[in-house]
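Structure at a glance
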Amino acid sequence: GAVVSQHPSRVICKSGTSVKIECRSLDFQATTMFWYRQFPKQSLMLMATSNEGSKATYEQGVEKDKFLINHASLTLSTLTVTSAHPEDSSFYICSARVSGNYGYTFGSGTRLTVV
Amino acid sequence: AQSVSQHNHHVILSEAASLELGCNYSYGGTVNLFWYVQYPGQHLQLLLKYFSGDPLVKGIKGFEAEFIKSKFSFNLRKPSVQWSDTAEYFCAVLKAAGNKLTFGGGTRVLVKP
């Protein structure tokens, strides 16, 4: 149980275009989801906390206009990287907190390459 | 600001050797502690977690961790590793009243057959 499905797993896009990443909770409702970024050989850095039905909370230094987060339902959160540039190339991971056992479950990640 | 430190960035060892990965955190209040593993090409998976009670926590795949409050540490151990334990290991801390995990820098473990 408590599975988070993330799509796409890999995406290559041209500079200046936008890319949407989806994160779905398959067998539970996630009122809160988290978006992380992981650079090569580095740890996960929290970008933002996504709350169903309200605005996301962004961590310091994360551009909210560049990384648009939408959490319109209890099972879906999306991250849109707008006007992507090569420096946005990274591994993006979503996560959801599972109620009851205070655990977190993670998506399989999205490898974004901007060319 | 809260931080989580993992002392070893890379560890190389042979099968059947014992493994211990260090994790220290800086937050002084009540915390929940986690160890996650990321196998090559796969997503993060929970190895074990500590919330309260016995500070020696046993997780999956023969891993255990000990919470030492006085040292702000939560070190991960496995008595005898296997080649399949090759992965990256992340320590994470959650403030008891919060909902955001803070991750350590990760430790890449390579087990030679």
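Residue positions are given per chain, counting from 1 as you read along its sequence in written order. The naming scheme follows written order: chains are lettered A onward, ligands numbered 1 onward. Only residues with pLDDT of at least 70 are given local features in this predicted model, and only at 80 or more are side-chain atom pairs given and counted; all residues enter the totals for whole chains, interfaces and linings. Note that the side-chain values use all heavy atoms of the structure and ignore hydrogens as well as water.

What follows is about the overall build of chain B. Scanning chain B for helices and strands turns up zero helices and twelve strands. If you list the helices and strands of chain B from N to C, you get β-β-β-β-β-β-β-β-β-β-β-β. Here the C-alpha coordinates of chain B stretch approximately 40 × 25 × 20 Å along the principal axes. Here's how the labels work: a residue is buried when its accessible area is under 20% of the maximum for its type, exposed when over 50%, partly exposed in between, all with a 1.4 Å probe on protein chains only. Looking at chain B as a whole, 44% of its 113 residues are labelled buried. Any two residues whose heavy atoms approach within 4.5 Å are treated as being in contact. Look at the contacts in chain B between residues 6 or more apart in sequence, and 55% of them connect residues 24 or more apart. Asp and Glu count as negative and Lys and Arg as positive, but His and the ends of the chain are not part of the count. We put the charge of a Lys on NZ, of an Arg on CZ, of an Asp on CG and of a Glu on CD. Across chain B, the centroid of the 11 positively charged side chains sits 7 Å from that of the 7 negatively charged ones. In this description a helix means any DSSP run of H or I spanning at least four residues, a strand means any run of E spanning at least two, and both kinds are numbered starting from the N terminus.

Turning our attention to the state of the cysteines. Covalent bonding between the sulfur atoms of two cysteines is what defines a disulfide. Residues and elements named next belong to chain A. Criterion for a disulfide: a pair of cysteine sulfur atoms within 2.5 Å. The full count for this structure, using the stated rule, is two disulfides over all chains. Between the sulfur atoms of Cys-23 and its disulfide mate Cys-94 the distance is 2.0 Å. Judged by the sign of its S-S torsion, about 80°, the bond between Cys-23 and Cys-94 is right-handed. Separated by 71 residues along the polypeptide, Cys-23 in strand E3 (residues 19-25) and Cys-94 in strand E9 (residues 90-98) bring together distant segments of the chain. Cys-94 provides the cysteine sulfur closest to Cys-13, a residue in no disulfide bond, and the two sulfurs are 18 Å apart. Judged by its relative accessible area of 8%, Cys-13 falls in the buried class.

Now for unusual backbone geometry. A negative phi angle characterises most non-glycine residues, just as the trans form characterises most peptide bonds. The omega torsion across His7(A) and Pro8(A) is -5°, close enough to zero to call that bond cis. Positionally, Pro8(A) belongs in the loop between strand E1 (4-7) and strand E2 (10-13). One non-glycine residue, Ala16(B), lies in the positive phi region at around 80°. Inspection of the secondary structure puts Ala16(B) in the loop between strand E2 (10-14) and strand E3 (19-21).

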